[in-house]
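Residue-level structure breakdown
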Amino acid sequence: MNNRGRFGSRLGVVMASAGSAVGLGNIWRFPTEVGQNGGAAFILVYIVFVLFLALPVMVSEFVIGRSSGTNIVHAFRKLAPAKWWMIIGFMGVLAGFLVLSFYSVVAGWTLKYMVDAVANRISRNDPGQIFNAFVSDTWSPLFYMAIFLLLTHLVVIRGIGGGIERYSKLMMPLLLLIIFILVGCSLSMSGSVDGIRFLLQPDLTKVTPDVILSAMGQAFFSLSVGIGCLATYASYFSKNMNLVGSAVHVCTIDTLVAIMSGFIIFPAVFSVEGVSVDAGAGLVFITLPHVFSSAFSHMPLLGYIFSTLFYLLLLLAALTSSISMHEICTAYVSEHYKLTRKRAATLVTLAYLVLGTACSLSFGPWKDYTLAGMTVFDWFDFATAMFIMPIGGIFISLFAGWVLERKLLTDELTNNGTLKMRGLKVLVFLIRWVAPIGVGMVFLDQVVKLIEN
Ligand code: PHE
């Protein structure tokens, strides 16, 4: 077990786990969802779900990962009395494959936009048409996706301490610094007040069942919970790491980054006339280039810096997340088939290239291959965020709360009683009851709606 590697420090643990959580989900998906689901009211519901549903699942993952000290499939095999629990582990590995496949496509677009921003080639005219022409092309999005996967691969093959921890400790502070600079920039734009109001003044009439469902899917996706990603990381934690404290840190950092991304994007968007906040997935690739060129037309240098930093931020965030998805699969493949990390990672990367290609082509030559109106890309996104992650979340919390011996659970949470924890009873209650029932209810509601349609 010792040659599996370990995180060397508490800072490393928090930076790597927060790196997994903070990603395109915060900077690209969150503002998109906020824009489409009514602003501040969505954020309020989102925070409630983070606290009561996603945090308990995250703590459960930490417990399962650290107490088993192995990949997510073997963790269930080791800890569970019944064999079928392994299915939850397999679902996690499968989701690890599906999420990174579509994720790397969007990350590839980000890379391309960053290159363009550095070269000062972000176009002022008709950004929508330019974006659509790019994503529907065959080769160029594939090229950028492959480079992104290669970058991910290069970090993962270096292992835990020398790869994931080292690069997370480097990239996360840089990412946080860029966020602060950009928030400052965005808030200083004229017209930013409307954007701030949109983010801070909740209109509770906007909280519909759809908003609730989207907020839950977003909470799970953004915190990387439900598919054993953080359990995999926790299998490399040392025994004196404070699991609950680390989970609280990760949730806090992730939520702050999501909200700050809102503060970067909406004040900027509101300061330009004729731009809409509910532009959907194109918000950061179509709306923002338009904002950059209009808002900074008199200060091109500032526009250049803003756009370059923004896409660099998006790229760093995507990379610290993609390595964690890759690691779910690499840990399993290398431990199950007894392969070296390098070999296992290479096989996993090749599989990503194939699946990612299918996702990328579904914007171009394969866009007519649909099932129930959805392309391969849409299916991967939908199946993971709306199904596998919530179902995984339900079973993971049930497992930690009901199947694991109660003593093992509290020993892990308190490091064998050495940590004093005031809210321990409340936390155990959240893990046993609130998380599984809460996620279950929102999930069932969605299934009923799907069937009705
Ligand atoms: N949490 C990541 C994000 O916000 C995405 C992710 C999902 C990472 C699942 C790992 C596992 O972008």
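In this text the structure is predicted, and so the values were computed from the model without any measurement.

Under the 1.5 Å per step criterion, the end-to-end length of helix H18 (residues 424-452) is 41 Å for 29 residues, consistent within 8% with the ideal 42 Å. Of all bends in H18, the biggest is about 45°, found at leucine 430.

Right, let's get into the site of the ligand. As a matter of local geometry, the ligand sits amid 16 residues, with Ala21, Gly25, Tyr103, Phe221 and Ser224 nearest to it. Contacts to the ligand include asparagine 26, whose side-chain N or O atom sits 3.3 Å from an oxygen atom. Burial of the ligand by the surrounding chains reaches 100%, relative to a free accessible area of 320 Å². Contributing elements (two or more residues each) for the shell around the ligand: helix H1 (10-21), helix H2 (24-36), helix H10 (209-222) and helix H14 (300-336).

Tallied over the full model, the rule gives eleven salt bridges. The salt bridge involving aspartate 116 is made with lysine 112; its shortest N-O contact spans 3.0 Å. Remark: lysine 112 and aspartate 116 occur in helix H5 (residues 86-118); sequence separation between them is four residues, near one turn of the helix. Across the pair, exposure class does not vary: aspartate 116 and lysine 112 are buried alike. When its relative accessible area of 9% is taken as the criterion, aspartate 116 is described as buried. Through salt bridges with shared partners, a single network forms among Arg66, Lys239 and Glu412.

A word on the environment of isoleucine 431. Residue position: isoleucine 431 is located in helix H18. Judged by its relative accessible area of 0%, isoleucine 431 falls in the buried class. Measuring from C-alpha to C-alpha, the distance between isoleucine 431 and glycine 184 comes to 38 Å, with 247 residues separating the pair along the chain. Contact partners of isoleucine 431, with chain neighbours within four places excluded, come to Pro56, Val59, Ser60, Ser397, Ala400, Gly401 and Pro436.

Bringing the nonpolar core into the picture now. Judged by nonpolar contacts, the single largest core of 161 residues is most densely connected at Phe285, Phe310 and Tyr311. Considering each element in turn, this core owes the most residues, 19 residues, to H5. In this structure phenylalanine 285 touches Trp28, Val106, Trp109, Thr110, Tyr113, Phe131, Tyr311 and Leu314, once residues within four positions along its chain are discounted.

Right, let's get into the packing of helix H3 (residues 40-68) against helix H16 (residues 376-403). H16 packs onto H3 with a crossing angle of 60° between their chain directions and a minimal axis gap of 9 Å. The orientation of H3 relative to H16 falls into the category oblique. You can see that H3 and H16 cross each other, and the crossing is left-handed. On the side of H3, the interface is formed by Val57, Ser60, Glu61 and Ile64, while H16 contributes Gly393, Ile396, Ser397, Phe399 and Ala400.

Counting across every chain of the model gives zero disulfides. For cysteine 329, which is in no disulfide, the shortest distance to another cysteine sulfur is to cysteine 229 and amounts to 9.3 Å. On the accessibility criterion, cysteine 329 (0% relative accessible area) is buried.

Our next topic: a nonpolar patch on the surface. On the surface, a cluster of nonpolar side chains totalling about 560 Å² of accessible area is made up of Trp402, Phe429, Trp433, Ile437 and Met441. Sort the elements by how many residues they give to the nonpolar patch and H18 lands first, with four residues. Following the sequence through the fold, phenylalanine 429 ends up in helix H18. Under the relative-accessibility criterion, phenylalanine 429 is labelled partly exposed at 47%.

This part covers the packing of aromatic side chains. Using the criterion set out here, one finds 38 aromatic pairs in the structure. Between phenylalanine 90 and tyrosine 332 the ring centres are 5.9 Å apart and the planes differ by 85°, which places this aromatic pair in the edge-to-face class. Of the two residues, phenylalanine 90 sits in helix H5 while tyrosine 332 sits in helix H14, which places them 242 residues apart along the sequence. On the accessibility criterion, phenylalanine 90 (38% relative accessible area) is partly exposed. Judged by its relative accessible area of 8%, tyrosine 332 falls in the buried class. Ring plane angle 80° and centroid distance 5.1 Å describe the contact between tryptophan 109 and phenylalanine 363, whose orientation is recorded as edge-to-face. Of this pair, tryptophan 109 sits in helix H5 while phenylalanine 363 is found in the loop between helix H15 (341-361) and H16, placing the two residues 254 residues apart along the sequence. What makes tryptophan 109 buried here is its relative accessible area of 4%. Overall, the relative accessible area of 24% leaves phenylalanine 363 in the partly exposed class.

About the thresholds
- Each chain carries its own residue numbering, running from 1 in the written order of its sequence.
- Local features in this predicted model are restricted to residues whose pLDDT is 70 or higher, and side-chain atom pairs enter the listing and the counts only when it is 80 or higher, whereas totals over whole chains, interfaces and linings include all residues.
- Hydrogens and water molecules were not included; the side-chain quantities draw on all heavy atoms of the structure.
- Segments assigned H or I by DSSP are reported as helices when at least four residues long, segments assigned E as strands when at least two residues long, and all are numbered from the N terminus.
- Expected span of a helix: the number of residues minus one, times 1.5 Å.
- To obtain the bend at a residue, axes are fitted to the seven residues ending there and to the seven starting there, and the angle between these axes is taken.
- Note on definitions. A residue lies near a molecule or strand when any single heavy atom of the residue is within 4 Å of it.
- Identification of polar contacts relies on pairs of N or O atoms within 3.5 Å, with a donor-acceptor requirement for protein atoms, meaning one able to donate a hydrogen and the other able to accept it, and with residues adjacent in sequence counted only if both atoms are side-chain atoms.
- Where accessible areas are quoted, they stem from the Shrake-Rupley method and a 1.4 Å probe; at the residue level, only the protein chains shown are allowed to cover.
- Within this document, salt bridges are pairs made up of a side-chain nitrogen of Lys or Arg and a carboxyl oxygen of Asp or Glu, the two lying within 4 Å of each other.
- For each residue, the accessible area found with a 1.4 Å probe, counting protein chains only, is set against the maximum for its type, and the residue is called buried under 20%, exposed over 50%, and partly exposed in between.
- Contact between two residues is taken to exist if any of their heavy atoms lie within 4.5 Å; hydrogens are not considered.
- By nonpolar core we mean a set of buried residues, namely Ala, Val, Leu, Ile, Met, Phe, Trp, Tyr and Cys, connected to one another through side-chain atoms within 4.5 Å.
- The axes are straight lines fitted to the C-alpha atoms, using for helices just the contacting stretch, and the angles between their N-to-C directions are given from 0 to 180°.
- Roughly parallel means an angle under 35 degrees; roughly antiparallel, over 145; roughly perpendicular, 65 to 115; everything else is oblique.
- Crossings are assigned a handedness: left-handed for a near helix turned anticlockwise from the far helix by less than a right angle, right-handed for a clockwise turn.
- For this text, the term disulfide refers to a pair of cysteine sulfurs within 2.5 Å.
- Like-charged residues within 9 Å of one another, or nonpolar side chains (Val, Leu, Ile, Met, Phe, Trp, Tyr) within 5 Å, are grouped into patches, provided each residue has over 30% relative accessible area and no salt bridge.
- Think of it this way: a Phe, Tyr or Trp ring, Trp meaning its six-membered ring, pairs with another when their centres are within 6.5 Å, and the plane angle makes it stacked under 30 degrees, edge-to-face over 60, tilted otherwise.

By themselves, these figures tell us nothing about what the structure is for.
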